Amino acid sequence: MDKLAIIGGRPLYGIVPISGAKNSALKLMAASLLTDEELVLENVPRLADVDMLLRLLNQHGAQSSFEDATLRLHAKDIISTVAPYDLVRKMRASFNVLGPLLAREGKAKVSLPGGCAIGARPVDLHLKALTAMGAKIDLDEGYVIAEAPDGLQGADIAFPFVSVGATEHVMLAAVLADGETKISNAACEPEIVDLADCLNAMGAKISGAGTASINIVGVDRLAGVTHRVLPDRIETGAYAMAVGAAGGELTLANADIDLLGAALPVLEKAGLSFEKTNEGVRVKTTRDRSLAVDIETKPYPGIATDLQAMFTAMMATADGVSHVKETIFENRFMHAPELGRMGAKISVDGQTATVTGVARLKGAPVMATDLRASMSLIIAALGAEGQTMVNRVYHLDRGFERLEEKLAECGALIERVSE
Ligand code: EPZ
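All values derive from a computational prediction rather than experimental measurement.

Some thoughts on the site of the ligand
As a structural note, the neighbourhood of the ligand is formed by 24 residues, with Asp124, Ser163, Gly165, Asp306 and Ile328 the closest of them. In this structure, an oxygen atom belonging to the ligand sits 2.8 Å away from a side-chain N or O atom of Lys27. One of the side-chain nitrogen or oxygen atoms of Asp306 is found 2.6 Å away from an oxygen atom of the ligand. For the shell around the ligand, the secondary-structure elements that each account for two or more residues are helix H1 (22-31), helix H5 (124-132), helix H6 (164-174) and helix H12 (371-383).

Remarks on the domain arrangement of the protein chain
Domain assignment breaks the protein chain into domain 1 (3-19 + 231-417) and domain 2 (22-228). Each partner contributes to the interface: domain 1 provides 21 residues, whereas domain 2 provides 21 residues. Interface area for domain 1 against domain 2, summed over the two sides, is near 1700 Å², with a carbon-plus-sulfur share of 53%. It is Tyr300, Arg398 and Glu401 in domain 1 that bury the most area against domain 2; as a group they hold 33% of the surface buried on that side. The tally of links between domain 1 and domain 2 comes to two salt bridges. Measuring nitrogen to oxygen at the nearest pair gives 2.7 Å for the salt bridge that ties Asp49 to Arg398.

Re the pattern of salt bridges
If you walk through the whole model with that rule in mind, you get 22 salt bridges. The shortest N-O distance in the salt bridge between Asp258 and Lys276 comes to 2.9 Å. One end of the pair, Asp258, is in the loop between strand E15 (248-253) and helix H9 (263-269); the other, Lys276, is in strand E16 (residues 272-276), and 18 residues separate them in sequence. Using a relative accessible area of 52% as the deciding quantity, one classes Lys276 as exposed. Its salt-bridge partner being Arg287, residue Asp319 comes within 3.8 Å of it at the nearest N-O pair. Here Asp319, found in the loop between helix H10 (308-315) and strand E19 (321-325), pairs with Arg287, found in the loop between strand E17 (280-285) and strand E18 (295-296); they are 32 residues apart in sequence, far enough to count as distant. Given a relative accessible area of 38%, Asp319 falls into the partly exposed group. It is possible to trace a salt-bridge network through shared partners that takes in Asp2, Asp397, Glu404 and Arg416.

Comments concerning helix H2 (residues 48-60)
When the terminal C-alpha atoms of H2 are compared, their 19 Å separation across 13 residues agrees well with the 18 Å that a helix rising 1.5 Å per residue should span. Every buried residue of H2 is accounted for by Asp49, Val50, Met52, Leu53, Leu54, Leu56, Leu57 and His60. Where H2 terminates, the next one or two residues include Gly61, which has phi positive at roughly 120°.

Some details on the pairing of strand E21 (residues 352-356)
Every second residue of E21 is oriented toward a common face, the buried set being Ala353 and Val355 and the non-buried set Thr352, Thr354 and Thr356. When E19 meets E21, the two strands line up antiparallel, connected through five bridges. Across the sheet, residue Lys325 finds its bridge partner in E21, namely Thr352. In terms of strand pairing, strand E20 (residues 345-349) meets E21 through five bridges, oriented antiparallel. When the sheet's bridge partners are listed, Val348 is paired in E21 with Ala353. Here E20 folds back onto E21, and the loop between the two strands holds two residues, one of which, Gly350, carries a positive phi near 60°.

A closer look at the packing of H5 against H6
Two elements in contact, H5 and H6, have axes whose closest approach is 9 Å; the angle formed by their N-to-C orientations is 25°. Classified by the interaxial angle, the pair formed by H5 and H6 is roughly parallel. Two packed elements cross with a definite hand, and for H5 against H6 that hand is right-handed. On the side of H5, the interface is formed by Leu125, His126, Ala129 and Leu130, while H6 contributes Gly165, Ala166, His169, Val170 and Ala173. The residue makeup of the contact of H5 with H6, split by class, is six nonpolar, three polar and no charged.

Things to note about H1
Each α-helix turn comprises 3.6 residues. Residues three or four places apart therefore point the same way. The element H1 is extensively covered by neighbouring structure, given that nine of its 10 residues are classed as buried. Three or more residues of H1 are buried, namely Lys22, Ser24, Ala25, Leu26, Lys27, Leu28, Met29, Ala30 and Ala31.

Details of the pairing of strand E1 (residues 3-7)
The element E1 is largely enclosed, with a buried count of four among its five residues. Bridge analysis of E1 against strand E24 (residues 413-417) gives five bridges, and the strand direction is antiparallel. What sits directly across from Ile6, in E24, is Ile414. The pairing of E1 with strand E23 (residues 387-391) spans four bridges and is antiparallel. For Ile7, the partnering residue across the bridge sits in E23 and is Gln387.

What about the packing of helix H8 (residues 233-246) against H10?
Remark: H8 packs on H10, axes separated minimally by 9 Å, with the N-to-C direction vectors making an angle of 5°. With respect to each other, H8 and H10 are oriented roughly parallel. Here H8 contributes Ile234, Ala238, Met241, Gly244 and Ala245 to the contact with H10, which in turn contributes Met310, Phe311 and Met314.

Procedures and definitions
- In every chain, residue numbers begin from 1 and rise along the written sequence.
- The predicted nature of this model means local features are confined to residues of pLDDT at least 70 and side-chain atom pairs, given and counted, to a pLDDT of 80 or more, with totals for whole chains, interfaces and linings taken over all residues.
- Remark: hydrogens and water are excluded; side-chain values derive from all non-hydrogen atoms of the structure.
- Any residue with a heavy atom lying within 4 Å of a molecule or strand is counted as near it.
- Whenever two N or O atoms come within 3.5 Å, that pair is a polar contact, provided that in protein one can donate a hydrogen and the other can accept it, and provided that, for residues adjacent in sequence, both atoms are side-chain atoms.
- Runs of H or I in DSSP of at least four residues are treated as helices and runs of E of at least two as strands, each being numbered from the N terminus.
- The domain limits used here are those given by an automatic or database domain assignment.
- Note on definitions: a residue-residue contact is assigned when non-hydrogen atoms from the two residues lie within 4.5 Å.
- Accessible-area loss on putting two parts together, using a 1.4 Å probe and summing over both, is the definition of buried area adopted here.
- Salt bridges are defined as contacts in which a side-chain nitrogen from Lys or Arg sits within 4 Å of a carboxyl oxygen from Asp or Glu.
- Remark: exposure states derive from per-residue accessible area (1.4 Å probe, protein chains only) relative to the maximum for the residue type, with buried under 20%, exposed over 50%, and partly exposed in between.
- Any helix carries an expected span of 1.5 Å times its number of residues minus one.
- Strand pairing requires that DSSP identify at least two bridges connecting the strands.
- Under this scheme, a helix contributes an axis fitted over its contacting stretch, all axes are lines through C-alpha atoms, and angles between N-to-C directions fall in the 0 to 180 degree range.
- Oblique is the label for any angle not covered by the other classes, which are roughly parallel (under 35 degrees), roughly antiparallel (over 145) and roughly perpendicular (65 to 115).
- A crossing counts as left-handed when the near helix is turned anticlockwise from the far one by less than a right angle, and as right-handed when that turn is clockwise.
- All amino acids are sorted into three groups, where Ala, Val, Leu, Ile, Met, Phe, Trp, Tyr, Cys and Pro are nonpolar, Asp, Glu, Lys and Arg are charged, and the leftover types, Gly among them, are polar.

Below is the structure:
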């Protein structure tokens, strides 16, 4: 299993190209199943999660080529409506093939994604919504067996709480349904808008994406288009916080800071300054040490839960005491004890971590537990004294494209060690 060895204490200077958003690319890829024409996605990050979904789409019958961040997907014929356990269990986003398969073929058998390290992550909202749209759904031996032989019907879907995946899933199913679907309490994440933009370019009739009320009028067929994936706001935040921990100044090429939502003023308050440039965004520290700031994760435009672990790492060496409240997932503080191994003072009580900033962290062997938690360890390591060895880096390969290359190009001492 690969490890990353990082020697901290070197400020970061240079240009980091920000990749396309993983969490948008994955849903856009699922949209390729909705048309028998070719969907061309540009700015797709080369990540383990993308490769995994690609294998699943190939297995459903999509032909593909992936070169220079351009992914071509052509699902002319669907040859299988079964999404097997092995390809769905490793990545929850695979579950989103259910809606498109059901909409196009009238049936699908898709493995349940199961729980994961950050929480139970059920799919009840997805299934209730598809049922409301006329699908007959049974659960058997870990599989969702769904049928809609006469097609899906538009429905009024009122979510009890905000779910990014369920909102996207309903959109992916409703575009080919008969009649109108109204989603209330919809997620407003930029990735939802990106998906709506692509689907509308394909011929769908979606309005209201980016607000809590989305309206979808079903159409008979969708066409192939070329669509550019929006920049990854979580990767943008990650490199900004790396500067917060290690110091220096980075240009985040292709980044769009407006996508950071409420995280932007918080990062500014903590001591980072951002400047829009022709290339993207320039970020630098305005203080020797970050200032402690309290945060609470919320659905967009609130502070993203995916940035929480990295923010906790940045706060570990901030001046003062910070309270970090996680409201989206029930088990998303696994980085706390690992950061503790590096000297961070973090106590977790229920949904809240209290972080008492220390002047400096010390390198240590640590273990990555999930994708974003892994990045928090990298951020901590970049600012720490001495060497940190991050174990289980396969988590990082799922969501951060060319991580060590991008960091090394900006002066970080980081090396992948294969065993
Ligand atoms: C997406 O997950 C992202 N994943 C997550 O990023 C992100 O943390 C999350 O949205 C929140 O922003 C992808 O886009 C692939 P949710 P998703 O449905 O859609 C509960 C990363 O690191 N819930 O908005 O699965 C759920 O358990 C990943 O890139 C139900 O109870 O998140 C959670 O507590 C991690 N029933 C809350 O809702 C359901 O049917 C929000 O989850 C669906 C969700």
